[in-house]
Structures are given as structure tokens and as C-alpha cells.
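Commentary on secondary and tertiary structure
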Amino acid sequence: MKRIYRTIVLLGAMATLETSCSDWLNVYPSDQIKEEFLFETGDGYRAALNGIYRKMASWNIYGSNLKWGLIDAWGQVYNMDLAPIDGGGQAMKKIEQLKFTDQELTPTTDQMWNDSWNVVANCNELAQQAEVADSTLFFSGELERKMILGEAIGLRAYIQFDLLRIYAPSPAMNPGNRTFIPYVNVYPAYVNNRETVSYCLEQIINDLKRAQELLLEVDKNANWRDRFVEAKNDEKLFWYSRGFRLNYYAVTAELARVYLYAGMLEEAYEQADIILQQRSLFTALTEDDALDAMRNGNIKMYDDIIFALYSRKDQIEWDRLINHQYDTEDEGENSSFLGIDSYMAEERYGEDLKKDWRICYQMEKENYYDYRTLKYYQQPDSYKYAKINNVIVPMFRMSEVYYIAAEAIYKTDLNKAKEYLKAVKKGRGINAKLDDVTETQFMNVLVNDAQREFFGEGQTFFMFKRLKKTMVGWEKEVLPTEENMVLPLPESESAI
């Protein structure tokens, strides 16, 4: 990582510092401005934070690799025989086959590693600057300074947690005192020692708790119902569209996710319950008109999303490349896309195959045998929900909060855990009968539902790794071993 930190520049620099207003969601990194100038104004801080989000939404990180791309292919989510050769499909096929050192995969994983640490470095630089900044630089004073600081600290924890889940064994795999990756919270950081899994988790938790504390006051009066409405361009409205930012509830949800991964069940439930007490803010699981919304194109069920990244141009191009590359050719065996075949569909959905909204409306039957996902399908502008669906990259859903709560307590309060799982199922069109499900059976039922929910969103692999559970894919099973579930570090990092 030495060379990464030596070449770092802040991602969100504006073309000119004279610009007083920016489209905080849609601006692309455009110029390299020295940090001593960038952090002279509130606009500079805003642009730096925006640039971090934009970089996170890029193909190499959460735009593809850490969402529906490499991570879902690794998690055996798709029938990769259906995937295209181009547009990242070949790398996905190699990781699905566990060929981690294949030359068709390593350039992709190397870039994912480099870009992720680049974002971490930018978060660290922004956090350090915001920590000591004069609050008079900011339009909203001290509260805005805390907002930027809290998001920067939370984002560095968020991305390093995912790196830990990729490049190190899970706690359930007994990593012990072995070291795997560093945890970096300073800038610049030229050389960093690898740390144990437990040390990294401790640092991640500490950062998330700090971010949570900073953002509590920031978000207490946020307009959550309009959290994905794009705001017009001025400093005051930099506060809006909190769904596209690592807001207080997103940090709380991430903290619950980390605690669950660490096996700290009481702490995980405590954080999940904070959000469940405010469940009316994220209402997709209980709204009566949810089915009509799905039928009318609310493919991503955005009311359920607590935190998402914003990507306008890229998703449109990726949809054409991945899902519709061969649409002009004969349908059938020549058509390539990301999806599942009827065998996988029957295995995952069972008797819910014709009832579960997640296959009835989030997928389409491509031919007699196969289904392809519509989650990242470009909707025409005339569609009611196109404005949001075409730009949103889901990062954390309310449904996962229910899963976390259920898993955290099912051994001590099985009935309450069942109610949490039933709530998710009901919000997806299924009136579940779980009375006969035993404690031994419960996690299999929960995991099955989560596989449906997480399709194309990058959490399936992490779930199986956390539980040390065998992954069942197309015509094969992947055992939960370090050999199969830990990605080797890039060769360039052998000296860390």
C-alpha cells in the first residue's frame, strides 16, 4: 500500500475553487487541487466528501465488484453459464470457480484493492482536516463540521470492514492471532503492518461508535421520507438527500452488522433495536400499497433502503453491457445476462416461486428455463420510479436489520425472532407460517430468505462466510474453508 498513499490526491476536487455551489450528488471528480487550497473553504470539504462517495460508486468498488459483480459471483448467487464474457463477466466466472490467481481475475481484484484503499486514504485525510477545522468555514457551522467528520470516519470503517471480510477469515473460522490486513486511520500512512481480525474489528467498532455519536444530533430532524430526493444546488441543501449519505441510521445498521459478524449478539441486537424502534421511518415492509409499487416499477424497493450510493451515468451503461449485451441476437442459448436457471429458482423459492415479489417482479423469465435480474435494469424516464431506481445502488436495507435482530435472539426468544422474519416475508408478498419451525431449522429458513433479498446486492457471500456455511451454486457446493473464502492479497502487497 506504500505506493497508494504516496500518490493520493483528494477525489472530489472541483474544477475551480471559485464555484460556490455544486451538485453534491452528481459532480464527478474533475481536477487535482492541492489539499492546502481544497480545505480553505466549506465548498472544498463538501467536494472532497462528495468525491469519496462518487469513487465508492465506481465499477471497481461498489458499482460492481463489491455488489452484484465479483462478490455475488463468489457467493454462488448466479448461474454463471448465463453471464456474458465481456463487461466483467469473465472475471466473475473465474472467482465463481475459485480461481483466485487466474490472470483474467487478478487485474480486477488488484484494482478493487487499490481503489478501496485509495478511498480509505481520502477518508482519513478528510477526517483529519475536519477534526481541526474552524466551524466558521461551513454554511451550517459546527453541526456541518461534525456531519462531514462523522461521515468520513464512518466510511473508512465501512470499507475496511468489507476488505476484512474479503481478505481475512471470519471469526467463526478461528483466525486466532494471525495477521491479514492493516487497519488504517491516519493520513498519510506509508507503511502499515497487518493486524489480527480481532484488532481490526475493534478499530472498526470504535470508528463506527464515534461516527454514530457525531451523527446523532446531525440527523435527529432529517426528512427520512424524502431521503432519496435530489436537492438543488446550494450549501443549505447539502444537508438533504440523507439516504445517499452514511447517515446516523446507516452507521447504526453497519454497527449491528459488524457486531453480528464478530459474534457479539447482544450488542448486535441492541443496535438493530435502535432502528426497529423507528421502523416507521423505513416503511416498505408494512405499506399496503407496496405490491402496487412493485408492479409499477419500484424494482429496488427503495423505501426499504437506509443507505445507498448514487450513480446516474454508470448504471445505465453497465445495464446495457451486462444484462442486454446480446438482446439483438436470437433469444435462448445465445442470450447472456446475470441470473439463475429454473433449478436454482426452485431450490431457493420452493413453494413461494409464484408468490414472492422478489422473483415475480425483480426478475423476468428470459426463456423457458432462465430468469434474469431487473434490479439494475435501466427504466424509461416515463416510469413512475425511474428517477430513483436508475441512480440508486443499495448499501443497507431495513430488511437486513430485521435479519440481524432475528439471528441475534433466536436462541433466547425464538417466537420474537420468527416475528421479525415474518415481517420481512410479509413485505415481500409471503404470508409465512413459521409455527412449526424449530430452533434448529430457523437459521436455514432465515438464510434462504436472505438469499432472495440480497440478490445482486453483495451480502450473500459475507453471510455464508460469517456462518461458516456451505454455499450451494450451479452444479456444485463450496465448502466454508479459508482456501475457498479468503481472497489472497495482491502480489504487490507481499511486503506489508
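Going by the structure above, here's the rest.
Residues numbered from 1 in each chain as written. Predicted model: local features only at pLDDT ≥ 70, side-chain atom pairs only at ≥ 80, totals over all residues. Heavy atoms only, no water.

Focus: the overall build of the protein
Quick note on the threshold: Helix and strand definitions follow DSSP, with helices as H or I runs of at least four residues and strands as E runs of at least two, each counted in order from the N terminus. Partly exposed residues are those whose accessible area sits between 20% and 50% of the maximum for their type, while under 20% is buried and over 50% is exposed, using a 1.4 Å probe and protein chains only. In what follows, residue pairs with any heavy atoms lying within 4.5 Å of each other are defined as contacts. Each accessible area is a Shrake-Rupley estimate made with a 1.4 Å probe; only the visible protein chains count as cover when residues are assessed.
Looking only at helices and strands, the protein features 21 helices and nine strands. Put simply, the protein has 496 residues, and 60% of those count as buried. Long-range contacts, defined as pairs at least 24 residues apart, comprise 73% of the intrachain contacts of the protein with a sequence gap of at least 6. With an accessible surface of roughly 20200 Å², the protein has 46% of that area assigned to carbon and sulfur atoms.

Considering the pairing of strand E3 (residues 305–310)
Filter applied, for reference: One requirement defines pairing of two strands: DSSP has to find at least two bridges between them.
Of all six residues in E3, six are buried, a share of seventy percent or more. Pairing analysis gives five bridges linking E3 to strand E7 (residues 392–397), with the strands arranged antiparallel. In the sheet register, isoleucine 305 faces E7, and the bridge partner there is arginine 397.

Section: the packing of helix H10 (residues 248–261) against helix H11 (residues 265–276)
Pairs of packed helices are described in terms of their axes, by the angle between the two and the distance that separates them. What counts is decided by this rule: For helices, the axis comes from a line fit to the C-alpha atoms of the stretch in contact; other axes are also lines fit to C-alpha atoms, and the angle between any two N-to-C directions lies between 0 and 180 degrees. Roughly parallel means an angle under 35 degrees; roughly antiparallel, over 145; roughly perpendicular, 65 to 115; everything else is oblique. For a crossing to be left-handed, the near helix must be turned anticlockwise from the far one by less than a right angle; the clockwise case is right-handed. Throughout this entry, Asp, Glu, Lys and Arg are counted as charged residues, while Ala, Val, Leu, Ile, Met, Phe, Trp, Tyr, Cys and Pro are counted as nonpolar. The remaining residues, Gly among them, count as polar.
H11 packs onto H10 with a crossing angle of 160° between their chain directions and a minimal axis gap of 8 Å. Taken as axis vectors, H10 and H11 run roughly antiparallel relative to one another. Note that H10 runs across H11; the crossing there is left-handed. For the pair H10 and H11, contact is made by Tyr248, Tyr249, Thr252, Ala253, Leu255, Ala256, Tyr259 and Leu260 and by Leu265, Glu267, Ala268, Gln271, Ala272, Ile274 and Ile275, respectively. Considering only residue class, the contact of H10 with H11 consists of 12 nonpolar, two polar and one charged.

Thoughts on the environment of lysine 418
One can find lysine 418 in helix H18 (residues 414–426). The class of lysine 418 is buried, set by a relative accessible area of 8%. When sequence neighbours within four positions are dropped, the list of residues in contact with lysine 418 reads Leu434, Asp435, Val437 and Phe442.

Considering the pattern of salt bridges
We apply this condition: When a carboxyl oxygen of Asp or Glu lies within 4 Å of a side-chain nitrogen of Lys or Arg, that pair is called a salt bridge.
One pass over the full model with this rule turns up 32 salt bridges. Between glutamate 364 and arginine 372 there is a salt bridge whose closest N-O contact spans 2.6 Å. Relative accessible area serves as the criterion here: at 5%, arginine 372 is assigned to the buried category.

Points about helix H7 (residues 106–132)
Quick reminder of the rule: The span one expects for a helix is its residue count, reduced by one, times 1.5 Å.
Here H7 spans 40 Å end to end across 27 residues, near enough to the 39 Å set by a 1.5 Å rise per residue. Within H7, 19 of the 27 residues are buried, leaving the element largely enclosed by the surrounding structure.

Some words on the packing of aromatic side chains
For any pair of aromatic rings, geometry is given as the distance between the ring centres together with the angle between the planes. Put simply, the rule is: Under the pairing criterion, centres of Phe, Tyr and Trp rings, with the six-membered ring standing for Trp, must be within 6.5 Å; the plane angle then separates stacked pairs below 30 degrees from edge-to-face pairs above 60, leaving the rest tilted.
With the rule as written, the count across this model stands at 23 aromatic pairs. When the centroid spacing of 4.0 Å and the interplanar angle of 20° are considered together, the rings of tryptophan 74 and phenylalanine 461 count as stacked. Pair noted here: tryptophan 74 is in helix H5 (residues 70–74) and phenylalanine 461 is in helix H20 (residues 460–467), with a separation of 387 residues, a long-range link. The exposure class assigned to tryptophan 74 is buried, which follows from its relative accessible area of 0%. In this structure phenylalanine 461 comes out as buried when scored by relative accessible area, which is 0%. An aromatic cluster is present here, built from Trp74, Phe100, Phe461 and Phe462 joined pairwise through their rings.

Remarks on the packing of helix H3 (residues 42–56) against H7
Contact pair H3 / H7: the axes reach a minimum separation of 10 Å and the direction vectors enclose 160°. On the basis of their axis angle, the class for H3 and H7 is roughly antiparallel. For H3 against H7, the interelement crossing comes out left-handed. The residues of H7 that touch H3, namely those facing Tyr45, Ala48, Leu49, Ile52, Lys55 and Met56, are Asp115, Asn118, Val119, Asn122, Cys123, Leu126, Gln129 and Ala130. Tallied by class, the residues present in the contact of H3 with H7 amount to nine nonpolar, three polar and two charged.

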